[in-house]
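# Analysis of the macromolecular model
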Amino acid sequence: GAGVSQSPRYKVAKRGRDVALRCDSISGHVTLYWYRQTLGQGSEVLTYSQSDAQRDKSGRPSGRFSAERPERSVSTLKIQRTEQGDSAVYLCASSPRGDNTGELFFGEGSRLTVL
Amino acid sequence: AQTVTQSQPEMSVQEAETVTLSCTYDTSESDYYLFWYKQPPSRQMILVIRQEAYKQQNATENRFSVNFQKAAKSFSLKISDSQLGDAAMYFCAYRRRETSGSRLTFGEGTQLTVNP
């Protein structure tokens, strides 16, 4: 079956604009994570949600970052009023029900550039 | 809080040779997972190998093996018979064992170059 897919792969946004990044996870996976990856700060979790929650459970709460779960296997990361420091690769990951291996399954990431 | 440290930003190896990537971590938990993920230029993180903390035996997957030293909180990755396709960024990661919802904590990564 298909793996985790993310769209768009590349996004350029003007500073101050809102951005939405989409993640389609693997069918049957219940927990979705969003990670931000930068050269200077490595990979840090932004937020995650479990199947019974449409809204995110934040890793690093920030008023500008939020995730919604319009469908069980879909998550949308929303970044409001983007800043140049938001330029990064945003990775989506998911884990299955039961989750007895500990493995997270990753998408290919969305590279955001804020001008 | 858990932390993961990779002290080698870059490593290189000759094709067919063996290379070891280092990783240390800090945690107060006793039950957890450790992983090595590979991230090629395509950016998708791919699981290379995993280790469960309660298992003393070191995990192996074909040419990949780990040296897990729980007391020392060390988790190194050995790649034998290196191939050009092994060139990538390698991330060591820690995850607390929970039913769901625990996050992966990554190290800073080691960029591996394989020379022909």
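To be clear, the structure that these remarks concern was listed above.
Residues numbered from 1 in each chain as written. Chains lettered and ligands numbered in written order. Predicted model: local features only at pLDDT ≥ 70, side-chain atom pairs only at ≥ 80, totals over all residues. Heavy atoms only, no water.

Formed by 25 residues in total, the largest nonpolar core has its most connected members in Tyr25, Trp36, Phe75, Leu77 and Tyr90 of chain B. Mapped by element, the contributors of at least two residues to this core are strand 3 (19–21), strand 5 (32–39), strand 6 (46–52), strand 8 (64–69), strand 9 (74–79), strand 10 (88–96) and strand 12 (110–115) of chain B. Considering every element that reaches this core, the biggest residue donor is strand 10 of chain B, with 4 residues. Here Tyr25 of chain B is in contact with Thr3, Val4, Tyr32, Leu34, Phe68, Gln69, Lys70, Lys73, Ser74, Phe75 and Tyr94 of chain B, once residues within four sequence places are set aside. Counting 18 residues, the second-largest nonpolar core is a separate cluster that includes Leu46, Ala67, Leu77 and Val114 of chain A. (Core = buried A, V, L, I, M, F, W, Y, C linked by side-chain atoms within 4.5 Å. Buried < 20%, exposed > 50% of the residue type's maximum accessible area, 1.4 Å probe, protein only. Helix = DSSP H or I, 4+ residues; strand = E, 2+ residues; numbered from the N terminus. Contact = heavy atoms within 4.5 Å.)

A few words now on the sheet that holds strand 7 (residues 65–71) of chain A. Residues and elements named next belong to chain A. Read across the sheet, 4 strands follow the order 1-3-8-7 without closing on themselves; strand pairing throughout is antiparallel. Both edges of this open sheet fall to strand 1 (5–7) and strand 7, since each of them pairs with a single strand only. Adjacent strand axes in the sheet meet at a mean angle of 20° when their direction is disregarded. Of the pairings in the sheet, the one linking strand 3 (residues 19–24) to strand 8 (residues 74–79) comprises 6 bridges and is antiparallel in character. Residue pairing in the sheet places Val19 in a bridge with Ile79 of strand 8. (Pairing = 2+ DSSP bridges. Axes fitted to C-alpha atoms, helices over the stretch in contact; angles between N-to-C directions.)

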